[in-house]
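For reference, the chains in residue letters:
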Amino acid sequence: MDRFEGRCWLDWWANSSTLLGSVEVAVVITVAGAGWEGGGRLVSESDEDREAFAFLCELDPVFTLRFEDESAVVVTVHPTDGHRRFSLTEYTGPAQRSVDNRIAL
């Protein structure tokens, strides 16, 4: 298969047992050389979903792209268009990484 076009979910895991957020997306993934290229958009048009997605991207842009058959690949999300659209690249960094976020009250 040279192309996948369909609905998936971008899942943001706080750790191996805590799913902090998930957003439904429409993606297009194509073969490119020895790898692949991907991009997509949020399915929801709501500002609340876009803001939640933007918050997670700013914390750490590494998500799990989950397909309908429950197969998954870890990706880095590169947001565009005010966090409504994005490109995807395969995440190749370490399995464990720390995220540091402070909320000023």
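To start, this report covers the structure provided alongside it. (Residues numbered from 1 in each chain as written. Predicted model: local features only at pLDDT ≥ 70, side-chain atom pairs only at ≥ 80, totals over all residues. Heavy atoms only, no water.)

## Describing the environment of D49
Applicable threshold: Helix and strand definitions here come from DSSP, where helices need a minimum of 4 consecutive H or I residues and strands a minimum of 2 consecutive E residues; each element is numbered from the N-terminal end.
Along the chain, the position of D49 falls in helix α1 (residues 47–59). C-alpha separation for the pair D49 and G35, spaced 14 residues apart in sequence, amounts to 30 Å.

## What about the pairing of strand β3 (residues 35–42)?
Going by this rule: In short, DSSP must find at least two bridges between two strands for them to pair.
Alignment of strand β2 (residues 18–32) against β3, held across eight bridges, turns out to be antiparallel. Looking across to β3, one finds that T30 is bridged to E37. Counted along the chain from β2 to the antiparallel partner β3, the turn is two residues long, and its residue G33 has a positive phi close to 60 degrees. Strand direction decides the pairing type here: β3 and strand β6 (residues 85–90), joined by four bridges, are antiparallel. The residue of β6 that forms the bridge with G39 is S87.

## Let's talk about the packing of aromatic side chains
Under the convention used in this document: Working definition: a ring pair exists when centres of Phe, Tyr or Trp rings (six-membered ring for Trp) sit within 6.5 Å. Plane angles under 30 degrees give stacked, over 60 give edge-to-face, the rest tilted. For the exposure calls, accessible area comes from a 1.4 Å probe over protein chains only, and a residue counts as buried if that area is under 20% of its type's maximum, exposed if over 50%, partly exposed in between.
Applying the stated rule across the entire model yields three aromatic pairs. Here F4 and F67 contribute two aromatic rings whose centre-to-centre distance is 5.3 Å and whose plane-to-plane angle is 85 degrees, an arrangement assigned as edge-to-face. With a gap of 63 residues between them, F4 in strand β1 (residues 3–15) and F67 in the loop between β4 (62–66) and β5 (72–80) connect regions that are remote in the sequence. Ring centres of F53 and F63 lie 5.7 Å apart, and the angle between their planes is 45 degrees; on these two criteria the pair is classed as tilted. Pair noted here: F53 is in helix α1 and F63 is in strand β4, with a separation of 10 residues, a long-range link. In terms of burial, F53 and F63 fall into one category: buried. The structure contains a cluster of three or more aromatic residues connected by ring pairs, namely F53, F63 and F86.

## Considering the environment of S16
The topology assignment puts S16 in the loop between β1 and β2. For S16, a relative accessible area of 76% puts it in the exposed group. For the pair S16 and Q96, spaced 80 residues apart in sequence, the C-alpha to C-alpha distance is 9.7 Å.

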